[in-house]
There are 4 protein chains.
Amino acid sequence: MIIILKPKANEEKVRDLIKRLERMELSINYSEGATTTVIGLIGDTSAIDMEILRAHEIVADVKRITEPYKAANRKFHPDDTIIEVAGHKIGQGYFNVFAGPCSVESEEQIIAVAEAVKKSGAGFLRGGAFKPRTSPYSFQGLKEDGLKLLLKAKKATGMPIITEIMSELHLALFEDVDLIQVGARNMQNFTLLKELGRTRKPIFLKRGLSSTMEEFFMSAEYIMAEGNRNVILCERGIRTFEPSIRNNLDISAIPIVKRFSHLPIVIDPSHAAGTAWMVEPLSKAAIAAGADGLMIEVHNNPKEALSDGAQSLDFDEFSHVMEIIKERIAFEGKVMG
Amino acid sequence: MIIILKPKANEEKVRDLIKRLERMELSINYSEGATTTVIGLIGDTSAIDMEILRAHEIVADVKRITEPYKAANRKFHPDDTIIEVAGHKIGQGYFNVFAGPCSVESEEQIIAVAEAVKKSGAGFLRGGAFKPRTSPYSFQGLKEDGLKLLLKAKKATGMPIITEIMSELHLALFEDVDLIQVGARNMQNFTLLKELGRTRKPIFLKRGLSSTMEEFFMSAEYIMAEGNRNVILCERGIRTFEPSIRNNLDISAIPIVKRFSHLPIVIDPSHAAGTAWMVEPLSKAAIAAGADGLMIEVHNNPKEALSDGAQSLDFDEFSHVMEIIKERIAFEGKVMG
Amino acid sequence: MIIILKPKANEEKVRDLIKRLERMELSINYSEGATTTVIGLIGDTSAIDMEILRAHEIVADVKRITEPYKAANRKFHPDDTIIEVAGHKIGQGYFNVFAGPCSVESEEQIIAVAEAVKKSGAGFLRGGAFKPRTSPYSFQGLKEDGLKLLLKAKKATGMPIITEIMSELHLALFEDVDLIQVGARNMQNFTLLKELGRTRKPIFLKRGLSSTMEEFFMSAEYIMAEGNRNVILCERGIRTFEPSIRNNLDISAIPIVKRFSHLPIVIDPSHAAGTAWMVEPLSKAAIAAGADGLMIEVHNNPKEALSDGAQSLDFDEFSHVMEIIKERIAFEGKVMG
Amino acid sequence: MIIILKPKANEEKVRDLIKRLERMELSINYSEGATTTVIGLIGDTSAIDMEILRAHEIVADVKRITEPYKAANRKFHPDDTIIEVAGHKIGQGYFNVFAGPCSVESEEQIIAVAEAVKKSGAGFLRGGAFKPRTSPYSFQGLKEDGLKLLLKAKKATGMPIITEIMSELHLALFEDVDLIQVGARNMQNFTLLKELGRTRKPIFLKRGLSSTMEEFFMSAEYIMAEGNRNVILCERGIRTFEPSIRNNLDISAIPIVKRFSHLPIVIDPSHAAGTAWMVEPLSKAAIAAGADGLMIEVHNNPKEALSDGAQSLDFDEFSHVMEIIKERIAFEGKVMG
């Protein structure tokens, strides 16, 4: 970190600032020039609050040289992380498809979907039991009953399951869930992240609608800083000015994750676009850009779905998309995880 | 709500759709034209998921005629709501200032700030005990100890206190807190909102960084639908493309709240701009646009603050801003609440 | 400007970079530290392309210490600029209202509007002759004929006129126009800006929908660098994610202009919100935040307007808003310019 | 187009509105229901200003059923358009690479780049002669001299050239330019678009930084409505809240163009990301999503480039990316155009 001092800063205050920094166990590199004086900080600056420093009366500006995340940072972990979940490998050359309905609706439905997506080649069954909905009057999911139905589908098909947690109060209910999803709206629910960090459950962390990539990495860091290294990142579209689609898939998130982090990155084209017809081209783009997996909404009867029907594929459409996915991950030299 | 059918929609499917809608206890108004057929729905459509309807194979589009929020909607509550908290009135002609440090740091500090802001005319002491921070390595607040210090400051000065809750797990700790704040990052933490809705505590709900006004109203609705009508809205800046300030204060939020809702709306110019020098002009703008209050960060020593120092006013600056506020609310015909 | 070098930068390349910088007539301040080496540049760095420098193989980062705009910068022009147009003063304590229809439609219409807005106290008549419309099939304005009608209205009422230019090809037609408007879509039409810079006409420069404040100042700089110092800035709403209003008025633009520039800043609440009912509260906010004027759309018959009817006030509404404006600028200690 | 009337609209005013609509040569389909009355319009509604209609006192809302663009609309032109430029085909199965420096700097430079990119397989030489720069003090391009150098490079290598026009005043200078680029900042410079529509030159239209897809199509429509059908669209990144990259490539633009328009769509990964290392993954994503070409910045010495150095590839990097491109377009079943 570099602190650029204001011209003609009061000497006593400079000494005072340096003393405070040294107390934080940082080495100081003081470079005084004719017009510009710079204090370089060596050591662990991750706890320093740049805003506070910037507000200091003798400071002109503060610049980070290194990223504020450590556990999630590729610099300190040059190799790709592979997360193992229920016998599946996720990351590096292992590609995974997480498929299923937005909401679990009934035993019949979830088992039918599970069987269909398994047959097409998906590795994980997704399905919402606790559903975050903008309106309190919309269907909120089957909750505990939904979890039970997912477990039944798991038992029936052998597929590991992934489902969203909405509160640390529910953690006990998720014991048999293979992969716990944190939704976009809870990406900065830090109490929840810390609780999940204290488990050793694999966490599937969705990027907030308007979160910067650094904020995204910092949320992963919240989980990892508590000791849980099993974090999978998921980009699901960002909020922009464009009115014709629900969100804009941020394809740049993939190369940014690959360069700055070692964690796997999965793309959710269903939520990104909000329409079923866009799932195929966005999936192709994601694979080509280097994604480690895709989360795709599939429904036995999208026209009748209780939530997010507009973006779900039916079984035939999903089967078609899976053929394309398999062909393309082979082209990329990857295998199903 | 109006459903516009696709041209030449299959008649049987139209009848089927109408039956499904009738089962939801809605009256149907079917208008068939030469080229366009429209189904009007009369009744409580707040539970209808427009996305599902839009995905229906015979539906071209769906349009809401009325807002999806009810309890928060001015239509069903034409008069301004006045929230009473610890003897203070908030809303309508009653203006309130919520002032204090971003974080509670020590007994000495919080009492000093409380006395200073009270002397200048603030009605509520704000102070963060549980702090949502982007980085897990940043100061996270004094937590329970911070709450205790706030209560000491309340006892010492008689000022009611407002502080942020980060988890429904902490609710018991907030029993003596006068006004519970839900932060921007938790605006769509629906589990938390529902729990707060089951209390009768006054809630101070901050708008999410990128939340639409409708989403903001819907989050208020989550609390109100559970029976707690004591909701105060707070606009604190939205995330845009502008890099020179932290957030852009959305001044339009004030007239929109006044037109579509009956709830009080408070502006937080400190977080909106992220710099102390902008607090005064933004406060003036907020009062003129019709805000019901201001939340302002004040610190005994902003240069040394442990968080958000750059945006805090010192005692003299706050005293100066309070003089301006008093003069201007008088001009608007309002009184301190 | 400060150039932060990469650790262990090749010495020869450092010398080479310094030589190149010296050739640009900049003084160099070289501060070598144990881990961080910084080159400070003193002199006119406005022509330096930071991106190029950043791409240099030995450079870690580049930071501007001063803003890249000079003529528009308050640092080099501490006093507020007052622009004089047709006997009116704009800026500092002089407040101005620019009112009229979005489009000039007929002689009868424009004269009726001119008389009405003059009577209510507006100083300038606005009216579009050349209209930038998103669709080539929408009404494009009466063009030259529209300009003639504006001049007739000017003659009939004595009001100076302001109207938008869409191409440097039309410059000759604008000879008798008092104040030339550059629309938001042309804020970065640099050829047009340069041509206008070569005139001495007062220019009313609207901020682009998604332009940063620095880009806004740089566009003013394009005009001023050619010698024309008569630039009035106008904020008219920015594009965000909010769907319920056309644009979001960026109220922060006012204090930013006041702090970093000396040019007058006018607010256009009509375009910012896109609805007539929001003009009054946004006007109040703009005056309180320190705006130097308001541009308001007024139409003799908003319901029948050929463009932008939804945001126009009728004569009675405008007269009412003008009463409020007069009362409030008096409160601010300002006078009509 | 559908006009939804307010409940209990005055009958006379309804008749009056219908008469006005009939005068626009539209067929009217009037559907009166118990609570909702809807007017359907059949015919060419592209000239109707929805904002005006919405402002009408008896109108509740107005909805377009069809897109406002016609010439650019796939509905009226189901087959992909292939644009032929200097013997190259662009669109459908024909993929093209437009490569070269951001700015033409010297004869030596532009010929060296032309030869290098030709050797690697690029079809078109790009190079800026007139450069739109945010700052008036930045290098503005060699202008006419730059055009002459491009023509020399064309003569030397036989490569067709593409370069940006910044004003209709310069049109005569572009006679020998094969493909005229309209930059993002001029996407809504409607005077320029119309002038280009009057030529038969192929136009390469870049999307504005914050333009919606509909606005993008409407700008193409401006050119096409004048008779020039030779329009190539180019997505080059949109402006969002993300600070770590220059712009976010909007990958969704590709499937949207393919679904709603018949025009070719080219991606500019260099400007989208603003850094050279991201060109390869974004190019892969663009090809997979169905793009018809790529515009890539290549410089003989990116470290010394006068503009946009940070995002340029050197010859070796470009040669490497071209190998990847060739392999991938073959996989997609496309050929170089």
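Residues numbered from 1 in each chain as written. Chains lettered and ligands numbered in written order. Predicted model: local features only at pLDDT ≥ 70, side-chain atom pairs only at ≥ 80, totals over all residues.

### Topic: the overall build of chain A
As a reminder of what qualifies: Elements are defined by DSSP. Helices are runs of H or I of four residues or more, strands are runs of E of two residues or more, and each kind is numbered from the N terminus. Residues with at least 20 other C-beta atoms within 10 Å of their own are called buried, those with 12 or fewer are called exposed, and the rest are partly exposed. The C-beta atoms themselves are positioned from the backbone.
Helices and strands together make up the secondary structure of chain A, namely 10 helices and 15 strands. When the backbone C-alpha atoms are referred to their principal axes, chain A occupies close to 75 × 45 × 40 Å. Expressed as a percentage of the 337 residues in chain A, the buried residues total 59%.

### Let's talk about the relation of the copies chain D and chain C
How we decide: Superposing the copies works by least squares over the C-alpha atoms of residues that have pLDDT at least 70 in both of them. Throughout, a pair of residues is in contact if the C-beta atoms placed from their backbones lie within 7 Å.
In the superposition of chain D on chain C (RMSD 0.1 Å, axial shift 0.0 Å), the rotation amounts to 180°. What the rotation and shift describe, once combined, is the action of a two-fold rotation axis. Judged by C-alpha distance, D:Ser210 is the residue of chain D that lies nearest the rotation axis, at 3.2 Å. Comparing contact sets, 100% of the residues at the interface of chain D also lie at the interface in chain C, consistent with an isologous, same-surface contact.

### Concerning the sheet that holds strand S1 (residues 2-5) of chain A
Residue and element names in this part refer to chain A. Rules: Strands pair, by our definition, only if DSSP identifies at least two bridges between them. A fitted line through C-alpha atoms represents every axis, and for helices the fit uses only the stretch in contact; the resulting angles, taken between N-to-C directions, go from 0 to 180 degrees.
The strand order across the open sheet formed by 4 strands is S2-S3-S1-S4, and the pairing between neighbours is antiparallel. Taken across any chain shown, the strands that pair with only one partner, and hence form the sheet edges, are strand S2 (27-32) and strand S4 (59-63). With direction set aside, neighbouring strand axes in the sheet form an average angle of 20°. In the packing of helix H1 (residues 11-23) onto the sheet, contacts are made with S1, S2 and strand S3 (37-42), and the angle to S2 comes to roughly 155°.

### Things to note about the environment of A:Asp176
By the secondary structure assignment, A:Asp176 is in the loop between strand S9 (161-165) and strand S10 (179-182). Distance from A:Asp176 to A:Lys154, taken between C-alpha atoms, is 10.0 Å for residues 22 residues apart in sequence.

### Quick word on the domain arrangement of chain A
Note the cut-off: The start and end points of each domain follow an automatic or database-based domain assignment.
As assigned here, chain A comprises domain 1 (2-63) and domain 2 (74-336). For domain 1 of chain A and domain 2 of chain A, the distance between their C-alpha centres works out to 43 Å.

### Re the sheet that holds strand S2 (residues 27-32) of chain D
Residue and element names in this part refer to chain D. Across the sheet, which stays open at both edges, the 4 strands sit in the order S2-S3-S1-S4 with antiparallel pairing between neighbours. Edge positions in the open sheet fall to S2 and strand S4 (59-63), since each of these has one partner strand only. Recorded for the sheet is a direction-independent mean angle of 20° between the axes of neighbouring strands. As paired strands, strand S1 (residues 2-5) and strand S3 (residues 37-42) are joined by 3 bridges and run antiparallel to one another.

### Looking at the packing of helix H3 (residues 107-120) of chain A against helix H10 (residues 315-331) of chain A
All names here are of chain A. Using the following cut-off: Note that the term roughly parallel is reserved for angles under 35 degrees, roughly antiparallel for angles over 145, roughly perpendicular for angles of 65 to 115, and oblique for everything else. With the far helix as reference, a near helix turned anticlockwise by less than a right angle produces a left-handed crossing, and one turned clockwise produces a right-handed crossing. Under the scheme applied, nonpolar residues are Ala, Val, Leu, Ile, Met, Phe, Trp, Tyr, Cys and Pro; charged residues are Asp, Glu, Lys and Arg; polar residues are all the others, including Gly.
Between H3 and H10, the least distance of the axes is 9 Å, while the angle of their chain directions is 25°. As the angle between them shows, H3 and H10 are arranged roughly parallel. Two packed elements cross with a definite hand, and for H3 against H10 that hand is right-handed. Judged by residue contacts, Ala116, Val117 and Ser120 of H3 engage Phe315, Phe318, Ser319 and Met322 from H10. For the contact of H3 with H10, the per-class residue count stands at 5 nonpolar, 2 polar and no charged.

### Regarding helix H10 (residues 315-331) of chain B
All names here are of chain B. Put simply, the test is: Multiply 1.5 Å by the residue count of a helix minus one, and that product is the helix's expected span. Arc definition: it is the arc formed by the directions from the helix axis to the C-beta atoms.
Helix length check: H10 (17 residues) gives 24 Å between terminal C-alpha atoms against 24 Å at 1.5 Å per residue, within 8%. Residues of H10 that are buried include every one of Phe318, Val321, Met322, Ile325 and Ile329, and no others. The buried residues of H10 occupy an angular sector of 110° when the element is viewed end-on, so they sit on one face. Exposed side of H10, more than 90 degrees from the buried face: Asp316, Glu323, Glu327 and Ala330 are the residues found there. Following H10 by one or two positions, Gly333 has its phi on the positive side, about 80°.

### Concerning the packing of helix H9 (residues 279-289) of chain C against helix H10 (residues 315-331) of chain C
All names here are of chain C. Running from N to C, H9 and H10 cross one another at 15°; their axes reach a closest spacing of 10 Å. When the axes of H9 and H10 are compared, the pair comes out roughly parallel. In this structure, H9 crosses over H10, and the sense of that crossing is right-handed. Contacts between H9 and H10 involve Val279, Glu280, Ser283, Lys284 and Ile287 from the first element and Val321, Ile324, Ile325, Arg328 and Ile329 from the second. When the residues that make up the contact of H9 with H10 are grouped by side-chain class, the tally is 6 nonpolar, 1 polar and 3 charged.

### So, the interface of chain D and chain C
Facing 42 residues of chain D, the contacting portion of chain C comprises 43 residues. Mapped onto the side of chain D that touches chain C, the elements with two or more residues apiece are helix H2 (50-55), helix H5 (190-197) and helix H6 (213-225) of chain D. The element that contributes the greatest number of residues to the side of chain D that touches chain C is H6(D), accounting for 5 residues. Taken together, the residues that form the side of chain D that touches chain C break down as 18 nonpolar, 13 polar and 11 charged.

### So, the pairing of strand S11 (residues 203-206) of chain C
Residue and element names in this part refer to chain C. Under the convention used in this document: A crossover gets the label right-handed when its path from the first strand over the helix to the second runs clockwise, viewed with the strands pointing away from the viewer.
Burial of S11 is two-sided: the residues Ile203 and Leu205 facing one way and the residues Phe204 and Lys206 facing the other way are all buried. As paired elements, strand S10 (residues 179-182) and S11 share 3 bridges and run parallel to each other. Bridging from a neighbouring strand, Ile180 pairs with Ile203 of S11. With helix H5 (residues 190-197) bridging S10 and the parallel S11, this β-α-β connection has right-handed handedness. Bridge count for S11 against strand S12 (residues 231-235) is 4 bridges, and the pairing is parallel. Opposite Lys206, over in S12, you have Cys234 as the bridge partner. In this view, the connection linking S11 to its parallel neighbour S12 by way of helix H6 (residues 213-225) has right-handed handedness.

### Observations concerning the environment of C:Ser219
All names here are of chain C. Take Ser219: it is sitting in helix H6. The exposure class assigned to Ser219 is buried, which follows from the 29 C-beta atoms found within 10 Å. The spatial distance from the C-alpha of Ser219 to the C-alpha of Lys206 is 9.8 Å, given a sequence separation of 13 residues. Once you skip the residues sitting within four places of it in the chain, Ser219 turns out to touch Met187, Gln188, Leu193 and Leu205.

### Describing unusual backbone geometry
Residues and elements named next belong to chain C. Positioned with a positive phi, Lys143 is a non-glycine residue whose angle comes to about 55°. Note that Lys143 resides in the loop between strand S8 (124-126) and helix H4 (144-157). For Lys143, a count of 15 C-beta atoms within 10 Å puts it in the partly exposed group.

### Observations regarding the environment of B:Glu51
Residues and elements named next belong to chain B. Secondary-structure assignment places Glu51 in helix H2 (residues 50-55). Judged by local crowding, Glu51 falls into the partly exposed class, with 19 C-beta atoms found within 10 Å. With 10 residues separating them along the chain, Glu51 and Asp61 place their C-alpha atoms 9.5 Å apart.

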